[in-house]
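One-letter residues, chain by chain:
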Amino acid sequence: MALPRERQLRKVLVLVNVLALTTGLVCVVVASLLTHQQVLATVLSLIGGAFVSAAVVTLAIGSLTVREATEQVDSAVLRGMQDVLGPVRDPLFAGALSAYRYDCMLAPAPAGDAHPDYLYQSFRISYRVDSLPRTVSIVCLASNDDACLDRFTGPEYLLRWMIDDNLDPDDPEIFTIGAVRVDNRDLERKPPVHETVAGGKARIDQFSVPHDAQVTVGHLVELSVVARKFVGNDRRVRVQAQVFRHVTDAEYRLTIDPALKPTRLGVNASEISALGAAHGASVRTTFPAPFNNLAGLVQLPFPLQPGSVMAFTIDRDVS
């Protein structure tokens, strides 16, 4: 009902504007003819000009569609947000991780594996960062208490990973660090350090950063890890990745081994916190059917705040 009323009202307004424009033009023409009556000609000229100006402006405004008006308002609001948040955002993202890439592959445990209820989660993370400390670390915690992660914060931690408290973080079948590279150079690994945490223990692997990478600006960081994730006979598996620092231009990819028998893949980025306008996001499966259940993609070309979570949900056939 609203749309026909709007159209009818728009027609009435157009008709009124046309009449006002006609009246104004008539007054202007009459005023030009009454040259011998200067007072009357001046009054008619002013009235006619007012009618013509008002009609032209109203017609121009009325010609805008609702969508065009909305787009103009959105654009104005966006520009205002950028002007206000720009000075605040720049210092926050001076040390942000840029060009962030997360690639993950899920595969079932092979026959005879010591942990058949745990699938293999292999992933690679890469990003660019302005500066690096003298030593960087990767920590694996065997605990079910998320609060344990709070002990391992700071730019020196490249990755914080939790496993079930009944698993051993020193077991290479549970958690294995592959490459840790800075500017295409493998970092020297130090002997692991162990600490006691609530309900278990933590293994901390430390890597020395070359001196020239400490004193220069702009570095590419790459790391690869193989970990285990409990799946048992669950029909639904959730894989998520959370950022603990400011991140820009993030991209998350998940690939699933067909042996897991996925029947549906859900890709979710509803738990992200953007700084500024969140435009241009792409959240979808990577390939069309019949391979749409084997890979997912999240692309977020805007800045993310710490705590943002990207999640993939896999429904599988366990019959």
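First, a word on what this report is: a plain description of the structure on this page. Each chain has its residues counted from 1, following the order in which its sequence is written. In view of the model being predicted, local features appear only for residues whose pLDDT reaches at least 70, and side-chain atom pairs are presented and counted only at 80 or more, with totals across whole chains, interfaces and linings using the full set of residues. Computation of side-chain values: all heavy atoms of the structure, hydrogens and water removed.

With that out of the way, let us pick up the overall build of the chain. Helical segments are the DSSP runs of H or I of at least four residues, strand segments are the runs of E of at least two, and each set is numbered from the N terminus. Helix and strand counts for the chain come out as 4 helices and 16 strands. Think of it in three bands: residues with accessible area under 20% of the maximum for their type are buried, residues over 50% are exposed, and the middle band is partly exposed, with areas taken using a 1.4 Å probe on protein chains only. Among the 319 residues that make up the chain, the fraction classed as buried is 34%. Restricting the contact set of the chain to residue pairs at least 6 apart, pairs at least 24 apart contribute 71%. Only the protein chains shown count as covering a residue, and every accessible area follows the Shrake-Rupley method with a 1.4 Å probe. By element, 59% of the accessible surface of the chain is carried by carbon and sulfur atoms, the whole surface being about 17800 Å². Whether two residues are in contact is decided by their heavy atoms: any pair within 4.5 Å suffices.

Right, let's talk about the packing of aromatic side chains for a bit. Two rings from Phe, Tyr or Trp (for Trp, the six-membered ring) form a pair when their centres are within 6.5 Å of each other. A pair whose planes differ by under 30 degrees is stacked, one over 60 is edge-to-face, and the rest are tilted. Throughout the structure, instances matching the rule amount to 7 aromatic pairs. For the pair Tyr 100 and Tyr 127, a centre-to-centre distance of 5.8 Å together with 5° between the ring planes defines the contact as stacked. Within this pair, whereas Tyr 100 is found in strand β1 (residues 98-107), its partner Tyr 127 is found in strand β2 (residues 118-129), the two being separated by 27 residues in sequence. For Tyr 100, a relative accessible area of 9% puts it in the buried group. On the accessibility criterion, Tyr 127 (5% relative accessible area) is buried. Consider the rings of Tyr 102 and Tyr 252, whose centres lie 5.5 Å apart with planes at 45°: the pair is tilted. You can see Tyr 102 sitting in strand β1 and its partner Tyr 252 sitting in strand β12 (residues 250-256), a full 150 residues away along the chain. Tyr 252 shares its class with Tyr 102; the two are buried. A network of ring pairs unites the aromatic residues Tyr 100, Tyr 102, Phe 123, Tyr 127, Trp 161 and Tyr 252 as a single cluster. As a reminder, the over-ring test applies to NZ of lysine and CZ of arginine, requiring each to be within 6 Å of the ring centre and within 35 degrees of the ring normal. The ring of Phe 244 has Arg 160 sitting right over it, with the charged end atom 3.7 Å from the ring centre.

Backbone hydrogen bonds are what pair the strands of a sheet, in a parallel or an antiparallel way. Strand order in the open sheet made by the 8 strands is β6-β5-β10-β2-β1-β12-β15-β14, with mixed pairing throughout. For this open sheet the edge positions go to β6 (185-186) and β14 (282-285), each flanked by a neighbour on one side alone. Criterion used throughout: strands pair if DSSP finds at least two bridges between them. The pairing of strand β5 (residues 175-182) with strand β10 (residues 219-230) spans 6 bridges and is antiparallel. Bridging from a neighbouring strand, Val 182 pairs with Val 221 of β10.

Another aspect to go through is the sheet that holds strand β13 (residues 262-271). One open sheet holds the 3 strands; their spatial order is β11-β16-β13, and the pairing between them is antiparallel. Only two strands of the sheet have a single partner each, and these edge strands are β11 (236-242) and β13. With direction set aside, neighbouring strand axes in the sheet form an average angle of 15°. Judged from the 7 bridges that link them, β11 and strand β16 (residues 309-316) form a sheet pairing that is antiparallel. Of the residues in β16, the one forming a bridge with Val 239 is Phe 312. Only the stretch in contact is used when a helix axis is fitted, and all axes are lines through C-alpha atoms; the angle between N-to-C directions ranges over 0 to 180 degrees.

Let's shift gears to the nonpolar core. If you look at soluble globular proteins, the nonpolar side chains tend to sit buried side by side. Think of a nonpolar core as a cluster: buried Ala, Val, Leu, Ile, Met, Phe, Trp, Tyr and Cys residues, connected wherever their side-chain atoms sit within 4.5 Å. Grouped together as the largest cluster of nonpolar side chains are 54 residues, with contacts concentrated most on Tyr 100, Tyr 102 and Tyr 252. The dominant element in this core, judged by the number of residues it contributes, is β2, at 6 residues. Counting 9 residues, the second-largest nonpolar core is a separate cluster that includes Val 139, Leu 141, Val 197 and Ile 204.

Our next topic: the pairing of strand β15 (residues 295-300). Most of β15 sits inside the fold, with 5 of its 6 residues counted as buried. Sheet topology places β12 next to β15; 6 bridges connect them, and they run antiparallel. Paired with Arg 253 across the bridge in β15 is Leu 297. Two strands pair when backbone bridges link them, and β14 and β15 are joined in this way by 4 bridges, in the antiparallel orientation. In the strand pairing of β15, Val 283 is matched with Val 298.

A word on the environment of Thr 153. Tracing the chain through its elements places Thr 153 in the loop between β3 (135-142) and β4 (157-163). Between the C-alpha atom of Thr 153 and that of Arg 245, which follows or precedes it by 92 residues, the distance is 9.8 Å.

To continue, consider the pairing of β1. One ladder, built from 8 bridges, connects β1 with β2; its direction is antiparallel. Bridge pairing links Met 105 to Ser 122 in β2. As judged from the 6 bridges shared by β1 and β12, these two strands associate in the parallel manner. Residue pairing in the sheet places Tyr 102 in a bridge with Tyr 252 of β12.

This part is about the pattern of salt bridges. Note on definitions: salt bridges are taken to be side-chain nitrogens of Lys or Arg within 4 Å of carboxyl oxygens of Asp or Glu. Scanning the entire structure with this criterion turns up 15 salt bridges. The closest approach of N and O atoms between Asp 315 and Arg 236, which form a salt bridge, is 2.7 Å. Remark: Arg 236 occurs in strand β11 and Asp 315 occurs in strand β16; sequence separation between them is 79 residues. By relative accessible area, Arg 236 is classed as exposed at 52%.

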